Structure formats: structure tokens, C-alpha cells
Amino acid sequence: MLNKPGDVMVRVLAVAGVTAALVLSGQGARAGTERATEGGARSVAAAGAAGGAAGRAAGSVVAWGPERVSPVDDGGRLLFRFRDERITESSGLAVSPTRDGVYYTHNDSSAGPVFFAVGPGGRTRATFTLRGAASRDWEGMAASKDPRTGRGVLWFADIGDNFEGAWPDVSVYRVEEPAVLADAVVPAVRYRFRYEDGGHNAEGIMVHPRTGRLYVVTKQFSGAVYQAPKRLRTDRVNVLREAGSAPVMATDAAYAPDGSSFVIRTYFSATVYSAPGKQIARVTMPDLEQAESITYTRDGRSLLTGTEGSRSPVYQVPLPETVLDAATPEPAPAPSSVPGPAALEATAVAGRRSADDDAGVPASAVLLWLAVAAGATGVITLVARHTR
């Protein structure tokens, strides 16, 4: 039995939660689902679930400040659906750098170190297994070209860490693009990484097409872009150093084929950057159940984005001409122009954004989510009290 002050507090929390849920439903807000490591169990944030259910029920759009994000109202179209019943948690997406009409994807954790080559109709053309690799929590992939051989290279990121530091290091696997699209076991090179400032959960990986530099984008309320060393080592752990800020809860990232820009996906939208911390524009994305992946088309003029689930869709979203014009290629950097630690630190400081200017979720939405969580606690307590 609660005392009177406690009863009043519970009712206040309940009212706050209901009010926040109504506000969120009017905006169509939806947060994502966090996956647990190795067990496959899902822990859905109470705020995200409440806001997501309300938003879908209302059938509304997502609107944060001056930007309006609505379901495929910008020329985006359904490109295909994955038809393979084994592809149930498509968490990474990449376009073949050497073959027309071939796309690569992989499942999330607990599915083994396996990736799929898919044709333009969504049908699987080949399945590949990485020899000697693990799949603790695969969260993203990237594709590039080896400048020496011209062959395609695929990168698979085992970088998920829902406990923000549970793993002493994370791994990225480098695989040469298979020469033949037929089921096979392929060799992989493993690179281990640790962050300079402690463990982070991450789902985004991207590789600069000209320099070959690898970047990891963390999935946090205060996310960041981390840069790998210019030369990766297999005989020791490589250190990831912060190079700029990232949107709230980033789920994937990719470089444009010409290296002029890159995109970071969140559950709500996508943001194009010319460099870490230098935002060009936000881009309207389709309304997906759980936006997990993003990449560029071969010509760099459109984005492809996907989600998890059985027969999950992949959408093609053309980039506005204003964005393409702003993302002009820059001259290839000379070897001496690679920034050192001091320059990276200056970039990181300069790129820090205020909470309300974040490209993912504004601070007001975070506060509303917290209110929903508090309200849910109050409602549960009231129900428990009156059903005893």
C-alpha cells in the first residue's frame, strides 16, 4: 500500500507518461530496438516501444523541428524484397563494386559468419561463409575496391556491444569479393580494434574509396565517428580515434563511391556529410519498421536503405540535386596530409553539435521518451495496486 504522497507521485508519473505518449503519437516518433549480444534476445526500450506503437497507430509522419520525414514522398521506390527465408535480420547492405545488379547483405548476431549475394529481384545468387571468423554481433558492412588490383573488397563489422564496453575489443573482417557467384567458403583477414576512450556500441562502418581509411560510427545518444589507423595491423589491436560527432542512435553509414561525402542513417532519417562534423543536408527516408542499413548506388546519385525482418524491403531514394551539388569531389589527399592526433582532436571539438541541432533525435524527443518511461512505471504501479 502506498502512502498518500507516494500515491500522488505515481499518478503524476502516469499522467506525464500518457501526455508524452500523446505528443509522440502526434509526431509519429519511433525509437529502435536494441538487440542483446549472443543470445538473440531483444530488449525494447519502453519509451521507444510506446512512441513507436503510437506513431504507427496514428499513421502520421515524423517531424522534428523544420524537417519533415514522411513515407516515401520524395521519389523513393521499393527496389526489391529479400526472398531468401534465411535472411531474417538484414543488418548490413552493400552494392557490389565490380558487378552490376549485385547486392550483399548479412544477418545480425547468432546467424554465423555468413553473407549473401543477391540479385536485382531480391533472389539469393550465392551464400558465402567466412573461414575462421566469428559472428558475435555483426552490425554492418562496407564495400570498396583494392586500388592495386581493382578487385572488390568487402568488410564485415563485428562491432555491436549493447553493454558499452563488455568486449575488450571488436573486430572487422576483410574479404576479397568472390570471383564467382557460387556458394563457397572464403578466407578472411581479421582486424581487431579498441576505442581510444573506452568501449562503445556501434552499428556503422564505412571505408573511404580513395584512401582506404576505415571508419566506425557509434550508436549512442552522444555518438561519434571514429577513424582507424591509415595502415591496419593484424598482429596487434588497432586504436580507433574520434574524428567527429554522429547523430543520435546511428544504425549505419556509407561513403559515396567518389569519396566526396558520406551518409549516416538513424531510425528517423539520413544525413549527408562532406567530412566528419560537416553536415550537408538531411534526406527524407521511407518509413521502415526498423531502419538498419544504408549504402549508395554505384553512380552515387541515390541511397539504398533496408530494414530487418522476413522478406524485408530495400528502398532506393534519389539524392536531391542540391545535395549532389554540395557534395563535390575533393582532390585526393597527399600522404603527408593525413591528420595527426592534434588535428583529429580539433576536428572532433569543432564538430560537436548542440543537442537540439543533432541529425538524429533532438533533446526534446529524448526528454519525452524519459517521460514515457516514467509514466509507464506509474501506470504499472497503479494497476498492480488496484488489482491486489
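In this report, the structure presented in the accompanying data block is examined. (Residues numbered from 1 in each chain as written. Predicted model: local features only at pLDDT ≥ 70, side-chain atom pairs only at ≥ 80, totals over all residues. Heavy atoms only, no water.)

## With respect to the overall build of the protein
Alright, step 1. Summing up its helical and strand segments, the protein has five helices and 25 strands in all.
Alright, step 2. Within the protein, the fraction of its 388 residues that count as buried is 52%.
Alright, step 3. Here the contacts in the protein between residues at least 6 apart in sequence split such that 58% fall between residues at least 24 apart.
Alright, step 4. When the accessible surface of the protein is summed, it comes to about 16800 Å², and 55% of that surface belongs to carbon and sulfur atoms. (Helix = DSSP H or I, 4+ residues; strand = E, 2+ residues; numbered from the N terminus. Buried < 20%, exposed > 50% of the residue type's maximum accessible area, 1.4 Å probe, protein only. Contact = heavy atoms within 4.5 Å. Areas by Shrake-Rupley, 256 points an atom, 1.4 Å probe, with all protein chains shown as cover.)

## A few points about the sheet that holds strand β21 (residues 270-275)
Alright, step 1. In space, the four strands of this open sheet follow the order β19-β20-β21-β22, with antiparallel pairing throughout. Strands with a single pairing partner mark the edges of an open sheet, and in this sheet they are β19 (250-255) and β22 (278-283). Pairs of neighbouring strands in the sheet enclose a mean axial angle of 25°, with direction left out of account.
Alright, step 2. Where strand β20 (residues 262-266) and β21 come together, four bridges link them in antiparallel fashion. Bridging from a neighbouring strand, F262 pairs with Y273 of β21. (Pairing = 2+ DSSP bridges. Axes fitted to C-alpha atoms, helices over the stretch in contact; angles between N-to-C directions.)

## Considering the nonpolar core
Alright, step 1. In this structure, W155, V172, F193 and L214 are the most contacted members of the largest nonpolar core, which totals 20 residues.
Alright, step 2. Breaking this core down by element, the ones donating at least two residues are β11 (152-158), β12 (170-176), β14 (189-195), β15 (202-207), β16 (214-218) and β17 (224-227). (Core = buried A, V, L, I, M, F, W, Y, C linked by side-chain atoms within 4.5 Å.)

## So, the pairing of β12
Alright, step 1. Of all the seven residues making up β12, six are buried; the element is thus mostly covered by neighbouring parts of the structure.
Alright, step 2. Relative to β12, β11 is paired through six bridges, and the arrangement is antiparallel. Note on β12: the bridge partner recorded for V153 is E176.

## With respect to the sheet that holds strand β13 (residues 184-187)
Alright, step 1. Sheet architecture is open: five strands sit in the order β6-β7-β8-β9-β13, paired in mixed fashion. In this open sheet, the two strands that pair with only one neighbour each are β6 (92-95) and β13. Averaged over all adjacent pairs, the angle separating strand axes in this sheet is 30°, with direction ignored.
Alright, step 2. Here strand β9 (residues 124-131) runs beside β13; their pairing, made up of four bridges, is parallel. Bridge pairing links T129 to V185 in β13.

## Considering the environment of V180
Alright, step 1. Relative to the elements of secondary structure, V180 occurs in the loop between β12 and β13.
Alright, step 2. Placed 54 residues apart in sequence, V180 and A126 show a C-alpha to C-alpha distance of 8.9 Å.
Alright, step 3. Residues in contact with V180, not counting those within four places in the same chain, are R99 and F128.

## Description of the pattern of salt bridges
Alright, step 1. According to the stated counting rule, one finds 11 salt bridges in the structure shown.
Alright, step 2. Of the charged contacts, one joins R99 and E177 as a salt bridge, the two residues approaching to 3.5 Å between their closest N and O atoms. With R99 in the loop between β6 and β7 (103-106) and E177 in the loop between β12 and β13, the pair connects residues that are 78 residues apart, well separated along the chain.
Alright, step 3. A residue is classified by how much of its surface remains accessible, and E177, at 3% relative accessible area, is buried.
Alright, step 4. D146 serves as the salt-bridge partner of R174, at 3.5 Å between the closest nitrogen and oxygen. Of this pair, R174 sits in strand β12 while D146 is found in the loop between β10 (140-145) and β11, placing the two residues 28 residues apart along the sequence.
Alright, step 5. By sharing partners, the salt bridges in this structure join D146, R148 and R174 into a single network. (Salt bridge = Lys/Arg side-chain N within 4 Å of Asp/Glu carboxyl O.)

## Remarks on the packing of aromatic side chains
Alright, step 1. A full pass over the atoms with the stated rule returns 12 aromatic pairs.
Alright, step 2. Between Y195 and Y226, the ring centres sit 5.0 Å apart and the planes meet at 75°, which makes this aromatic pair edge-to-face. Of the two residues, Y195 is situated in strand β14 and Y226 in strand β17; the sequence distance between them amounts to 31 residues. For the pair shown, Y195 and Y226 are each scored as buried.
Alright, step 3. Of the aromatic side chains, those joined through ring pairs into one cluster are Y104, F115, F128, W138, F156 and Y173. (Phe/Tyr/Trp six-rings, centres within 6.5 Å; stacked < 30°, edge-to-face > 60°.)

## Some remarks on the pairing of β16
Alright, step 1. Across the five residues that make up β16, a large majority, five, are buried.
Alright, step 2. Burial along β16 is two-sided: L214, V216 and T218 and Y215 and V217, pointing in opposite directions, are all buried.
Alright, step 3. Bridging between β15 and β16 involves five bridges; their strand directions are antiparallel. Bridge assignment links A202 to a residue of β16, and that residue is T218.
Alright, step 4. Once β15 ends, the chain turns through six residues before running back antiparallel as β16, passing G212 with a positive phi of about 75°.
Alright, step 5. Relative to β17, β16 runs antiparallel, the two sharing three bridges. Its bridge partner being in β17, V217 is matched across the sheet by V225.
Alright, step 6. Count of turn residues in the β16/β17 antiparallel hairpin: five residues.

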